[in-house]
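# Architecture and fold: a report
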Amino acid sequence: MYFGFLMDTLWDLLGLSDIFTFNSIVGSYGNSGQIEKMEKWHDEFQLMGIRPNIKTFNILIKSFGKAGMYEKMGSVMKFMEKRFFSPMVVTCNIVIEILGKAGKIEKMEEYFKEMKHKGIF
């Protein structure tokens, strides 16, 4: 809980609002497992007109995956592609790692083959 208070306080004091701050705050909440706060800040930044970049999408994918929220992870990937962001090698490695750690080996291999076919690997 202290972490959330600290992030809110820093935001109020510094008035930071750029993509680097966006990714740092969203990533900090995601890495600490505070998914609801991560989503809140993601929405907040978008309302402020700060658009996500590929790093933002990678952060969301990894955070949802680590939390076992695979449907949300997939939703982010679909949204990302609708916004004309193609998965990069980093994105694919995140997905492969998440699927492997979850024991979804067949899905992991299928995803790898699909990305290889698309020329990402």
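Preceding this section is the structure that the text describes.
Model, not experiment: these values are computed from the prediction. (Residues numbered from 1 in each chain as written. Predicted model: local features only at pLDDT ≥ 70, side-chain atom pairs only at ≥ 80, totals over all residues. Heavy atoms only, no water.)

## A closer look at the packing of helix 2 (residues 19-31) against helix 4 (residues 54-66)
Contact geometry for helix 2 and helix 4: axes closest at 9 Å, N-to-C directions at 5 degrees. Classed by the angle they form, the pair helix 2 and helix 4 counts as roughly parallel. Residues Ile19, Phe22, Asn23, Val26, Gly27, Gly30 and Asn31 of helix 2 form the contact with helix 4, whose own contacting residues are Lys55, Thr56, Ile59, Leu60, Ser63 and Lys66. For the contact of helix 2 with helix 4, the residue count by class is 5 nonpolar, 6 polar and 2 charged. (Axes fitted to C-alpha atoms, helices over the stretch in contact; angles between N-to-C directions. Helix = DSSP H or I, 4+ residues; strand = E, 2+ residues; numbered from the N terminus. Parallel < 35°, antiparallel > 145°, perpendicular 65-115°, else oblique. Contact = heavy atoms within 4.5 Å. Nonpolar A, V, L, I, M, F, W, Y, C, P; charged D, E, K, R; others polar.)

## Focus: the nonpolar core
If you look at the biggest cluster of nonpolar residues, it comprises 30 residues, and the most contacted ones within it are Val26, Met38, Ile61, Phe64, Val95 and Tyr111. Elements with a contribution of two residues or more to this core: helix 2, helix 3 (35-47), helix 4, helix 5 (70-82), helix 6 (89-101) and helix 7 (105-117). Aside from chain neighbours lying at most four places away, what touches Tyr111 is Met77, Pro87, Cys92, Val95, Ile96 and Leu99. (Core = buried A, V, L, I, M, F, W, Y, C linked by side-chain atoms within 4.5 Å. Buried < 20%, exposed > 50% of the residue type's maximum accessible area, 1.4 Å probe, protein only.)

## Focus: the layout of surface pockets
A water-sized probe, rolled over the atoms, reveals where empty space remains. There is about 440 Å³ of room inside the largest pocket. Lining the largest pocket are 18 residues, with Gly74, Met77, Val95, Lys107 and Tyr111 sitting closest to its centre. Taken together, the elements giving at least two residues each to the lining of the largest pocket come down to helix 5, helix 6 and helix 7. Broken down by element, the residue count for the lining of the largest pocket peaks at 8 residues, all from helix 5. A class-by-class count of the residues in the lining of the largest pocket yields 8 nonpolar, 2 polar and 8 charged. (1 Å grid on protein atoms, 1.4 Å probe; cavity = no way out; pocket = protein on both sides within 12 Å on 5 of 7 lines; lining within 4 Å. Points joined across faces, edges and corners; volume = space filled by probe spheres on them.)

## What to know about the pattern of salt bridges
Considering all chains together, one arrives at 3 salt bridges under this definition. Glu39 serves as the salt-bridge partner of Lys72, at 2.6 Å between the closest nitrogen and oxygen. One end of the pair, Lys72, is in helix 5; the other, Glu39, is in helix 3, and 33 residues separate them in sequence. You can call Lys72 partly exposed: its relative accessible area is 33%. With a relative accessible area of 23%, Glu39 lands in the partly exposed category. (Salt bridge = Lys/Arg side-chain N within 4 Å of Asp/Glu carboxyl O.)

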